[in-house]
Amino acid sequence: AVVSTQSTGEPDEDIREYFEEKPAKSKRTKRTKKKEEEEEEEPAEGKPAEAECSDVVFKKCKEMMRPVRKTLRMLENPKDDADTEEQLRQTKSHLLTIGQQIEKNCEGKSEEWVKEWTENLWVFVSQFTPIGSKQLKKLYNKAVRQSSESQTKTSKKRKR
């Protein structure tokens, strides 16, 4: 599903900055025994709390997000040959797919569970991109609103 741009015809500036800066690769790293021992010895100062999940949470998130793992990989490695506008559309599409999977995992759960695991899952997704979990969730919510607005406009045109 392709998500439309804002009503002015200009793509989201939030995501545009991401592609124009050509950010570093994702935050995701392979864990090794040595690295885990180093992390235990010295606390990470200045590192945001959302930077990484615990191993148990990471494994649970990995299992919950397995149906969209290809989408996560595409989010992690956008096509370099596509222009900025195409990358924006692809990123929004990927965020919609990933966000829908997160919502699907939360169906039928308690409000407390949903709040905790929604946060954990967005932190997990942020491991595949330099964009933080809160910003990803914000971009997803914006993409959902824009998608529903464009569907509403399309259905009104069909009724005429």
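Cut-offs used in this document
- Residues numbered from 1 in each chain as written.
- Predicted model: local features only at pLDDT ≥ 70, side-chain atom pairs only at ≥ 80, totals over all residues.
- Heavy atoms only, no water.
- Helix = DSSP H or I, 4+ residues; strand = E, 2+ residues; numbered from the N terminus.
- Buried < 20%, exposed > 50% of the residue type's maximum accessible area, 1.4 Å probe, protein only.
- Arc of directions from axis to C-beta.
- Contact = heavy atoms within 4.5 Å.
- Salt bridge = Lys/Arg side-chain N within 4 Å of Asp/Glu carboxyl O.
- Phe/Tyr/Trp six-rings, centres within 6.5 Å; stacked < 30°, edge-to-face > 60°.
- Lys NZ or Arg CZ within 6 Å of the ring centre and 35° of its normal.
- Polar contact = N/O pair within 3.5 Å; in protein donor to acceptor, adjacent residues only side chain to side chain.
- Core = buried A, V, L, I, M, F, W, Y, C linked by side-chain atoms within 4.5 Å.

A. View of the environment of Val123. Take Val123: it is sitting in helix 6 (residues 111-126). Using a relative accessible area of 7% as the deciding quantity, one classes Val123 as buried. For the pair formed by Val123 and Cys53, sequence separation is 70 residues and the distance between their alpha carbons is 7.1 Å.

B. Structural detail: helix 3 (residues 55-64). Within the sequence span of helix 3, burial applies to Val57, Cys61 and Met64. Projected down its long axis, helix 3 shows its buried positions confined to an angular sector of 60°, all on one face. Projecting away from the buried face of helix 3 at angles above 90 degrees are the exposed residues Val56 and Lys59. Contact partners of the buried residues in helix 3: helix 5 (84-106) and helix 6.

C. Here's a closer look at the pattern of salt bridges. The full count for this structure, using the stated rule, is two salt bridges. For Glu86, the salt bridge is made with Arg89, and the minimal N-O distance between the two is 3.1 Å. Of this pair, Glu86 and Arg89 both sit in helix 5, separated by three residues, roughly a single helical turn. Assessed through its relative accessible area of 30%, Glu86 is described here as partly exposed. The partly exposed category is assigned to Arg89, whose relative accessible area is 31%.

D. Focus on the packing of aromatic side chains. As enumerated under the stated definition, the model contains four aromatic pairs in all. Between the aromatic rings of Phe124 and Phe128, the centroid separation amounts to 5.3 Å while the plane-to-plane angle is 70°, which identifies the pairing as edge-to-face. On the accessibility criterion, Phe124 (2% relative accessible area) is buried. According to the relative accessible area criterion, Phe128 is buried, its value standing at 6%. Grouping aromatic residues by their ring pairs yields a cluster made of Phe58, Phe124 and Phe128. It is Lys109 that lies over the ring of Trp113; its NZ or CZ is 5.3 Å from the centre.

E. Layout of the side chain of Asn105. Tracing the chain through its elements places Asn105 in helix 5. Within the structure, the side chain of Asn105 is placed 3.1 Å from the backbone oxygen of Met64, a separation counted as a polar contact. If we ignore the near neighbours within four places in the chain, the residues touching Asn105 are Met64, Met65, Trp113 and Leu121.

F. Representation of the nonpolar core. Ranked by internal contacts, the top residues of the largest apolar core, which has 24 residues, are Met65, Leu72, Ile98, Ile102, Trp122, Phe124 and Val125. Looking at this core, the elements with two or more residues in it are helix 3, helix 4 (69-76), helix 5, helix 6 and helix 7 (133-159). Look past the residues within four positions of Met65 in its chain and what remains in contact with it is Leu72, Ile98, Gln101, Ile102, Asn105, Leu121, Phe124 and Val125.

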